[in-house]
2 protein chains.
Amino acid sequence: MKTKIGDVAKLAGVSPTTVSRVLNNRGYISKETRENVHKAMRELNYFPNDLARSLFNKRTNLIGVIFPTTSNPFYGELIFHLENICAEQGYKVLLCNSLNSIEKEEKYVEMLLRNQVDGIIVGTHNHGIIDYHKQNLAVVAVDRYLSETIPIVSCDNYDGGRKATELLVSKQCEYIIHINGQSDIETPAQQLRRKAYEDVLHECGKKPITYEVPQTFDPKSQDEIIQRILDEHPHVDGVFASNDLFAASFIREAKRRGKKIPEDVKVVGYDGTETAQTLLPELTTIQQPIHSIAQTTVDMLLKGISGEFHNIKSETKLPVTLIEGETT
Amino acid sequence: MKTKIGDVAKLAGVSPTTVSRVLNNRGYISKETRENVHKAMRELNYFPNDLARSLFNKRTNLIGVIFPTTSNPFYGELIFHLENICAEQGYKVLLCNSLNSIEKEEKYVEMLLRNQVDGIIVGTHNHGIIDYHKQNLAVVAVDRYLSETIPIVSCDNYDGGRKATELLVSKQCEYIIHINGQSDIETPAQQLRRKAYEDVLHECGKKPITYEVPQTFDPKSQDEIIQRILDEHPHVDGVFASNDLFAASFIREAKRRGKKIPEDVKVVGYDGTETAQTLLPELTTIQQPIHSIAQTTVDMLLKGISGEFHNIKSETKLPVTLIEGETT
DNA sequence: CTGAAAGCGCTTACAG
DNA sequence: CTGAAAGCGCTTACAG
């Protein structure tokens, strides 16, 4: 049997009330009693049951974190920071990999609700699911517009898209193609990058061409699209990919077809994760400040939990950085 | 206020007991009553409070997952699969990124204990912390030997080390260096790879040289070691790195110094994550079956939770695969 | 087939 | 400074 507060009380010769008080540092307790209780707790190797405490307090210090998958280095790194920052503040993270499946997301949200999380951080589509159930629940979205009342933390996607495209233009690329995630009304993140790409191309009288990769995390369909790009546009000489993995896949296939990077085709990626920078350091990319995103997100969420925002429309836009490598 | 079982009962015109029974599908309930209750639940958008249920049941369906960091693609992918498999089976994952800090690990373990997790999956050193507190707690270790009584799931590290080193030898490398994580009594995973490397070199009369990279996840100290390797052994012509990130860093620096890969130096990595295979597809590596590791680990843990193993020494060794790329 | 009572492990007014 | 009582939201014997 696990030891409980009564066991400690008995051993220390006090009431459970008193043990609870030393546990919570509440009210006056004589030094002697406090020490006795502490001794008893140590002796019995006692750990309070947070379930019982939370049930009473209506506060779990639990945060739900929903993203497509920790397998993707951008999310892997973001979630690392999110969890780490939460832990520092005494919050615990319930991890949900939804793989962009609406069905899974719904199940996860229900699970989080049942577990009485204090707040949720979402980085997936979430077609209004959360808003509907929103009941004293703090929610912050990362790079997604979930609803009018949910604060959002994102990077300057339009600026990122411009920086990437303008670099290609300035390097004399004539035939610039954009590889994007599947378009989706709920994720203007991608759309803003695309919009910027299109704006820049229009400004220099070029025709934008965008290919969309389904967000299914299936490497096959990704490869297929890349084959198609190179089949249909053998003269492509510039590519702006909306994440570093797409960029890497493109480079791979272009090289296989005998194209030299950057001489024949220049490539810019997006995200600039530590992992991608280590594995493919030569890649030119738009780097997102992952740590800042995490910090800002947790800050917002904790404010939300302590009731500091109330249906205020809020959007935080963090700056991105162009990292020039050797693929441009 | 959140709606609770009493609210549902009132609306459905029954007692809380009855609502609980339809919730748990327990005992006989008339069809009509069941339907009324369901209707009331829907109407009130009711979700049972899992805290209260768990408190009574002494079962949380919570699994603690402790690894160094989701930022590392191997752990990112492993944790993705672990979480996904857990979710399928109705378990929820509490994520802990311990960064190999013993202090953090201890805090996390205590946190998990307080939260009454049903089991823990550990992939970090854990100097006996868990075993000490082991109290009805199922624990499975991934690639770490924690104690005699904790089952372990790992890959055949010795075979991986042999395969990697033998490949280099068969490709006529004369001067083969091994880059390993920091040695540590509790992590024979790394040591087995190293042992295999040393055995193979001894077998062909060569002198093994191993460099250790501190497991601090600090890119600087990693770069430093790699500089040192190339400074101290300018004639190195073969490298076996115990993970793909080390391999990538080495390749980067070797190229910077004008060495051609694989002509001048051949490199074999380790892990073979999807991410590394996408970003650095030309890397020769020893691939670990991440999905199988996750599946086996969860299977073991669930058996442990249902009391199916009792201090039985158990080790599962999964096979690794050599993936020949273009760096050898 | 259904309900009243007791209890899961804790905490907080309320007394003293 | 300390304790007995009630209650957090649920579940399960036990009656009926």
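Remember, it's a predicted structure, so these values are computed and weren't measured experimentally.

Draft legend 1. Up close: helix α9 (residues 188-203) of chain A. All names here are of chain A. The end-to-end C-alpha separation of α9 is 21 Å, in line with the 22 Å expected for 16 residues at 1.5 Å each. Within α9, burial applies to Pro188, Ala189, Gln190, Arg193, Ala196, Tyr197, Asp199, Val200 and Leu201. Looking at the buried positions of α9, the neighbouring elements they touch are α8 (157-170), β6 (176-181), β7 (209-213), β8 (238-241) and β9 (266-271). Taken from the residues just after α9, Gly205 is the one with a positive phi, measuring 70 degrees.

Draft legend 2. Highlighting the interface of chain A and chain B. Chain A puts 57 residues into the contact, and the matching count from chain B is 57 residues. The largest share of the area that chain A buries against chain B comes from Leu51, Arg114 and Leu279 of chain A, three residues that together contribute 14% of it. In this structure, the connection of chain A to chain B is made through 4 salt bridges. Of the charged contacts, one joins Glu326 of chain B and Arg252 of chain A as a salt bridge, the two residues approaching to 3.2 Å between their closest N and O atoms. Joining chain A to chain B, the criterion identifies 18 residue pairs in polar contact (both at pLDDT 80 or more). Elements with a contribution of two residues or more to the side of chain A that touches chain B: α4 (50-57), α5 (73-88), β2 (92-97), α6 (102-114), α7 (129-133), α11 (244-256) and α12 (274-279) of chain A. If one sorts the elements of the side of chain A that touches chain B by residue count, α5 of chain A sits on top with 8 residues. Here the side of chain A that touches chain B is built from residues that sort into 26 nonpolar, 17 polar and 14 charged. Relative to strand β2 (residues 92-97) of chain B, β2 of chain A runs antiparallel, the two being bridged by 3 bridges.

Draft legend 3. Layout of the protein's contact with DNA strand D. Residues in close proximity to DNA strand D total 25 residues, the closest being Thr18, Thr33 and Lys58 of chain A together with Ile5 and Tyr46 of chain B. Counting only the atoms of DNA strand D within 4 Å of the protein, the fraction contributed by sugar and phosphate is 65%. Between DNA strand D and Ser20 of chain B there is a distance of 2.7 Å, counted from a phosphate oxygen to a side-chain nitrogen or oxygen. Here a base nitrogen of DNA strand D and a backbone polar atom of Ala52 of chain B are 3.3 Å apart. Those elements giving two or more residues to the surface near DNA strand D turn out to be α2 (16-24) and α4 of chain A together with α2 (16-24) and α4 (50-57) of chain B. By residue class, the composition of the surface near DNA strand D is 10 nonpolar, 10 polar and 5 charged.

Draft legend 4. Examining the protein's contact with DNA strand C more closely. Neighbouring residues of DNA strand C: 25 residues in total, closest Ile5 and Tyr46 of chain A together with Thr18, Thr33 and Lys58 of chain B. Among the atoms of DNA strand C close to the protein, meaning within 4 Å, 66% are from sugar or phosphate groups. Asn24 of chain A has a polar side-chain atom sitting 3.0 Å from a phosphate oxygen of DNA strand C. When contributions to the surface near DNA strand C are tallied by element, the ones reaching two or more residues are α2 and α4 of chain A together with α2 and α4 of chain B. Ranked by the residues each element gives to the surface near DNA strand C, the list is headed by α4 of chain A, at 4 residues. Tallied by class, the residues present in the surface near DNA strand C amount to 10 nonpolar, 10 polar and 5 charged.

Draft legend 5. How the structure looks around the packing of α8 of chain A against α9 of chain A. All names here are of chain A. Close contact between α8 and α9 brings their axes to 7 Å; oriented N to C, the two are set at 35 degrees. Every pair of crossing elements has a handedness; the one defined by α8 and α9 is right-handed. Here Asn157, Tyr158, Gly161, Arg162, Thr165, Glu166 and Val169 of α8 come into contact with α9, specifically with Ala189, Leu192, Arg193, Lys195, Ala196, Tyr197, Asp199, Val200, Leu201 and Glu203. Residues that form the contact of α8 with α9 fall into these classes: 8 nonpolar, 3 polar and 6 charged.

So, how was this worked out
- Residues numbered from 1 in each chain as written.
- Chains lettered and ligands numbered in written order.
- Predicted model: local features only at pLDDT ≥ 70, side-chain atom pairs only at ≥ 80, totals over all residues.
- Heavy atoms only, no water.
- Helix = DSSP H or I, 4+ residues; strand = E, 2+ residues; numbered from the N terminus.
- Expected span 1.5 Å × (residues − 1).
- Buried < 20%, exposed > 50% of the residue type's maximum accessible area, 1.4 Å probe, protein only.
- Contact = heavy atoms within 4.5 Å.
- Buried area = accessible area lost by both parts, 1.4 Å probe.
- Salt bridge = Lys/Arg side-chain N within 4 Å of Asp/Glu carboxyl O.
- Polar contact = N/O pair within 3.5 Å; in protein donor to acceptor, adjacent residues only side chain to side chain.
- Nonpolar A, V, L, I, M, F, W, Y, C, P; charged D, E, K, R; others polar.
- Pairing = 2+ DSSP bridges.
- Near = heavy atom within 4 Å.
- Axes fitted to C-alpha atoms, helices over the stretch in contact; angles between N-to-C directions.
- Left-handed = near helix turned anticlockwise from the far one by under 90°.

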